Amino acid sequence: MSTPVRFDRGHTDDLMTFLTASPSPYHAVANAAERLEKAGFRQLSESDAWDSGTGGRFVLRGGALIAWYVPEGAAAHTPFRIIGAHTDSPNLRVKPVPDTGSQGWRQVAVEIYGGTLLNTWLDRDLGLAGRLSLRDGTDRLVNIDRPLLRVPQLAVHLDRSVNTDGLKLDKQRHMQPIWGLGEAREGDLIAFLEEEEGLPQGSVAGWDLMVHSIEPPAYLGRDRELLAGPRMDNLLSVHAGVAALAAVSASSDKLDHIPVLAAFDHEENGSQSDTGADGPLLGNVLERSVFSRGGAYEDKARAFAGTICLSSDTGHAVHPNYAERHDPSHHPRANGGPILKVNVNQRYATDGSGRAVFAAACERAGVPWQTFVSNNSMPCGTTIGPITAARHGIQTVDIGVAILSMHSARELCGSDDPFLLANALLSFLEG
Ligand code: ZN
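### Some remarks on the packing of helix α2 (residues 25-38) against helix α5 (residues 232-251)
Taken N-terminus to C-terminus, the directions of α2 and α5 make an angle of 15°; their axes are 10 Å apart at the nearest point. Looking at the two axes, α2 sits roughly parallel to α5. Here the hand of the crossing between α2 and α5 comes out right-handed. Mapping the contact onto sequence places A28, A32, R35 and L36 in α2 and L235, H239, V242 and L245 in α5. Looking at the contact of α2 with α5, its residues break down into six nonpolar, one polar and one charged.

### Details of the coordination of the zinc ion
Distances from the zinc ion to its protein donors, H86 (NE2), D233 (OD), D313 (OD) and D313 (OD), fall within 1.9 to 2.7 Å. Written as a sequence motif, the donor residues of the zinc ion are H-x146-D-x79-D. In this pair, H86 is assigned in strand β4 (residues 80-86) and D313 in strand β14 (residues 308-316), connecting sequence segments 227 residues apart. D313 matches H86 in its accessibility class, with the two residues each being buried.

### What about the domain arrangement of the chain?
One can read the domain layout of the chain as domain 1 (9-89 + 230-430) and domain 2 (91-213). Placing a centre on the C-alpha atoms of domain 1 and another on those of domain 2 gives a separation of 31 Å. Overall, the association of domain 1 and domain 2 removes approximately 1,500 Å² of surface from exposure, summing both partners, and the carbon and sulfur fraction of that is 58%. Across the domain 1-domain 2 interface, the total number found is six residue pairs in polar contact (both at pLDDT 80 or more).

### Regarding the packing of aromatic side chains
A full pass over the atoms with the stated rule returns six aromatic pairs. Where Y348 meets F372, the ring centres are 6.4 Å apart and the plane angle is 80°; that geometry is what we call edge-to-face. You can see Y348 sitting in the loop between β15 (339-341) and α8 (352-365) and its partner F372 sitting in strand β16 (residues 370-372), a full 24 residues away along the chain. With respect to class, Y348 is no different from F372; both count as buried. Taking 5.6 Å as the distance between ring centres and 80° as the angle between the ring planes, the aromatic pair formed by F358 and W369 counts as edge-to-face.

The rules behind the values
Residues numbered from 1 in each chain as written. Predicted model: local features only at pLDDT ≥ 70, side-chain atom pairs only at ≥ 80, totals over all residues. Heavy atoms only, no water. Axes fitted to C-alpha atoms, helices over the stretch in contact; angles between N-to-C directions. Helix = DSSP H or I, 4+ residues; strand = E, 2+ residues; numbered from the N terminus. Parallel < 35°, antiparallel > 145°, perpendicular 65-115°, else oblique. Left-handed = near helix turned anticlockwise from the far one by under 90°. Contact = heavy atoms within 4.5 Å. Nonpolar A, V, L, I, M, F, W, Y, C, P; charged D, E, K, R; others polar. Donors = N, O, S within 2.8 Å, 3.2 Å for Na, K, Ca; no water. Buried < 20%, exposed > 50% of the residue type's maximum accessible area, 1.4 Å probe, protein only. Domains from an automatic or database assignment. Buried area = accessible area lost by both parts, 1.4 Å probe. Polar contact = N/O pair within 3.5 Å; in protein donor to acceptor, adjacent residues only side chain to side chain. Phe/Tyr/Trp six-rings, centres within 6.5 Å; stacked < 30°, edge-to-face > 60°.

Have a look at this one:
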């Protein structure tokens, strides 16, 4: 089956909008949901009974989203084709008692979330975003998208060996942003947010807040062939997954499988949460989808046995200044197309048959692709792929896009790679 929908540079332009509008996982899933609703998808509540109808559906839970499209004629045992991704990025997150300070500087107490490249957060103009939980039981998104905070680096005059011995940052002592002058007063930060949001003082009962670089994404390079921006790990994959799922739902009603997008939170710290890949969310949604079409355990087992997941996340492009850190025969390049990620010790879930599935999807889409495998002397990262494979017994293939500066506050990729990935994902969902 083929469709006329093909993504091009306009997809990368749209990614830039998505990145800017998604400074937190909660914003990312809200923006994904808005796009899916425009494509005809309907939100389901986990606490309601689900109907057996065809069409697009999605479930939101915190910073996670599961969306799926039931085509005409789907049976209870129809298998799924899943795109997996994650919505969270390493950053600095506000502590329960945020108001602190020293020497006449007002500061915000933060924890370090995930494997943050700490130095990249220094001397940047930072905004503050996330979710406020109100006393009336509702949540609301907040985004202060102006220069509000900064983690100031120590001047070279006071740290003479920094350029020879390297920068040493203590996560507790050196990473607390300033946000003005004056004495710290308990309740100040939340009172400020209430004021910004036009909320009555004292109405915020809880918060999940994080800082973000306010510098918007930008094309970079002689021919603008590169894209610099925040949170490409892994909103790049979430955005491509949303686009591919919306496109396949619009163009294909004769699918013999159910396309799914699973965008999880908490990948950057191991995925163990009610919204992470190591929680029951995906399994529950897929099971309920089977059962709502009249299926029983046997149908679920049959559906899962035929299911494939492409787990998409960023990987390392070969670095011009550190090429020796890569395997000598595997040098993923920017704009070389999506990467297949392999690790025989199951840090990635890809095997030979997964490679064949991915290669076929790329071939049908006319998309070039590359392979990543780590240098044996370097530890290999991991992602939600192996967790999805192990938790649900689903064949999983780890893929993604090669970037530089992974986990930096501002990452770098090729400006063609986002749409090459989206075309590969669409081809996979078409089957
Ligand atoms: Zn990632």
